[in-house]
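# Reading the structure
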Amino acid sequence: MNISTGLKMEKEICISKDEIMENLIAEGRKQKELHRRASVIRDKNVSRNIYFRGLIEFSNICKNDCYYCGIRKSNNKTIRYCMPREEILKAVEFCNEADYGSIVLQSGERRDKNFINSVVDTVREIKNRYPKIRITLCVGEQNKKTYQRFFDAGAHRYLLRIETSNKEHYKRLHPKEMSFENRKKCLKILKEIGFQVGTGVMVGAPFQTVENLADDLLFFKKIDVDMVGMGPFIPSDQVPLNYQGYNQERNLNLSLNMIAVLRLLMPDINIASTTALQALNPIGRELGLKAGANIIMPIVTPTRYRKNYLLYQGKPCINESSKDCLNCITNRIKSIDLNTAFGKWGDSLHFFKRVKNDSN
Ligand code: SAH
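Residues numbered from 1 in each chain as written. Predicted model: local features only at pLDDT ≥ 70, side-chain atom pairs only at ≥ 80, totals over all residues. Heavy atoms only, no water.

### Concerning the packing of aromatic side chains
To keep it simple, the criterion reads: Whether two aromatic rings pair depends on their centres lying within 6.5 Å, for rings of Phe, Tyr and Trp, where Trp uses its six-membered ring; planes under 30 degrees apart make the pair stacked, over 60 edge-to-face, and the rest tilted. Strands here mean DSSP runs of E at least two residues long; helices mean DSSP runs of H or I at least four residues long; both are numbered from the N terminus. Exposure is judged per residue with a 1.4 Å probe applied to protein chains only, and the accessible area is read against the type maximum: over 50% gives exposed, under 20% gives buried, and values in between give partly exposed. A ring is considered to have a charge above it if a Lys NZ or an Arg CZ atom is located within 6 Å of its centre and within 35 degrees of its normal.
What the rule picks out here adds up to twelve aromatic pairs. For the ring pair Tyr158 and Phe195, a centre distance of 5.7 Å and an interplane angle of 75° mean the geometry is edge-to-face. Taken together, the positions of Tyr158 in strand β6 (residues 157-159) and Phe195 in the loop between α7 (180-193) and β7 (196-199) put the pair 37 residues apart, joining distant regions of the chain. Phe195 shares its class with Tyr158; the two are buried. Summarising the aromatic geometry, the rings of Phe219 and Phe220 are spaced 6.4 Å apart at their centres and angled 65° between planes, so their arrangement reads as edge-to-face. Considered together, Phe219 and Phe220 belong to a single accessibility category, that of buried residues. Among the aromatic side chains, those forming a connected cluster through ring pairs are Phe52, Phe94, Tyr100 and Phe342. Across the ring face of Trp345, the terminal group of Arg134 is positioned such that the distance to the ring centre comes to 4.2 Å. Across the ring face of Phe207, the terminal group of Arg172 is positioned such that the distance to the ring centre comes to 3.8 Å.

The structure is reproduced here in structure tokens:
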């Protein structure tokens, strides 16, 4: 099977699934060349601008029990919190002043009325007070009515990781009350409503093969997403998934190669260089940008909450302030000679092309 990248700027690149798999395990010189090629394609299609999304992890209360996740509901070692609205707004104010352009509101998953109403009101208030800020939500699986309410309140992007595009693999990572089909359905609904839609997977997760990862990339292409956030799987000793075969180096390299191959496959989407990369390597996020990513998500969660939003062990930046993260990330981007796109929304270019094509 040949997969077209849809690249208009130069000759179309076709990559077979075998080639994808070969690239995913690239090392040494081959890997360097792959990353270089991906960053050239990034530069040509979405420029050398790196866009900011201030990440506010506003609550770790979760009704799900994913076997890998540190904030799963059965983890009674986690102290639960839900930030009061004024505190969320203060974090947004920081982003506004730092000129981040966009924020992501992320939390554990809840579907009760209180939670949903509160998210809707918060989004609306952010729009009122800080009209320049673009809002991304990442609050899990909801029904169509709720997603529509979020959209109408002023959130225009939504992140929902599929975690793995393989149904059998999904079953091994999640309890039986969680449904792969429903997650897929949610992504479809989000697109129909008009969100810029992002998804992603954990790379190097237990029971996952390189072929699974190649299929994940083809899945992103098939459902035609606008944004992708992928990060290495990192174990936690507070969850049931006690993973023996974990290899930090392998997961880092696979994650970077996933970013690079995805950039070849989908040249004009937004790809995040995620925090988890930095948990595995002090310059992990720079390596993600050098492999073709164009989005960075500085944490703006108030410091006192950070140690309780531990999705995995060794999460970086938990003792830092939002100001520290701003300075640190700015320097990191400059150190690799990319542009800090302060004050820009950095919407997904792919989204606009997709919407234009859909309406033709
Ligand atoms: N509840 C929200 C998001 C919360 S967690 C939702 O469902 O969308 C955000 C992401 O953290 C998850 O999608 C998952 O991919 C990642 N994550 C959780 N546990 C992890 C681990 N052990 N290693 C790496 N990433 C993890």
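### With respect to the packing of helix α2 (residues 28-46) against helix α9 (residues 248-265)
What counts here: Working convention: axes come from line fits to C-alpha atoms, limited for helices to the stretch in contact. Angles between N-to-C directions cover 0 to 180 degrees. If an angle is under 35 degrees, it is roughly parallel; if it is over 145, roughly antiparallel; if it lies from 65 to 115, roughly perpendicular; otherwise it is oblique. Should the near helix be turned anticlockwise from the far one by less than a right angle, the crossing is left-handed, and should it be turned clockwise, the crossing is right-handed. Working rule for contacts: check all heavy atoms of both residues, and any pair within 4.5 Å makes them a contact.
Direction vectors running N to C along α2 and α9 enclose 45°, while the axes themselves pass 8 Å from each other. For the element pair α2 / α9, the angle class is oblique. As α2 runs across α9, the sense of the crossing is left-handed. Side by side, α2 and α9 meet where Gln31, Leu34, His35, Arg37, Ala38, Ile41, Arg42 and Val46 of the first sit next to Asn253, Leu256, Asn257, Ala260, Val261, Arg263 and Leu264 of the second.

### Points about the confidence of the model for the protein chain
Put simply, the rule is: Scored between 0 and 100, pLDDT is the confidence that the predictor attaches to each residue.
Of all residues in the protein chain, 96% have pLDDT values of 70 or greater, and the mean over the chain is 95. Within the model, the stretch residues 6-11 combines pLDDT values under 50 with eleven contacts to residues more than four positions away or in other chains.

### Some points on the site of the ligand
Heads up, the condition is: Put simply, a residue is near a molecule or strand once any heavy atom of it comes within 4 Å of that molecule or strand. Polar contact is the term for a pair of N or O atoms within 3.5 Å; when the atoms are in protein, one must be able to donate a hydrogen and the other to accept it, and sequence-neighboring residues count only if both atoms are side-chain atoms. To measure how exposed things are, a 1.4 Å probe is used in the Shrake-Rupley method; for residues, cover is taken only from the protein chains shown. Throughout this entry, Asp, Glu, Lys and Arg are counted as charged residues, while Ala, Val, Leu, Ile, Met, Phe, Trp, Tyr, Cys and Pro are counted as nonpolar. The remaining residues, Gly among them, count as polar.
Around the ligand, 19 residues are found, and the nearest of them are Tyr68, Ser107, Arg161, Glu163 and Ile234. Between an oxygen atom of the ligand and a side-chain N or O atom of Glu109, the distance comes to 3.4 Å. Within the side chain of Arg183, one N or O atom sits 3.4 Å away from an oxygen atom of the ligand. For the ligand, whose free accessible area comes to 560 Å², the fraction covered by protein is 92%. Across the shell around the ligand, the residue classes break down as eleven nonpolar, four polar and four charged.

### Regarding the pairing of strand β10 (residues 270-273)
Sheet faces and side chains relate simply in a regular strand, where the side chains alternate between the two faces. To keep things clear, this is the line we draw: Two strands pair if DSSP finds at least two bridges between them. Note on handedness: a clockwise path from strand one over the helix to strand two, with the strands aimed away from the viewer, defines a right-handed crossover.
On β10, burial covers both faces: Asn270 and Ala272 on one face and Ile271 and Ser273 on the other are all buried. Judged from the four bridges that link them, strand β9 (residues 227-232) and β10 form a sheet pairing that is parallel. Bridge pairing in β10 links Gly229 to Ala272. Traced from β9 through α9 to β10, the parallel crossover comes out right-handed. Strand direction decides the pairing type here: β10 and strand β11 (residues 295-296), joined by two bridges, are parallel. Within β11, the residue paired with Ala272 across the bridge is Ile295.

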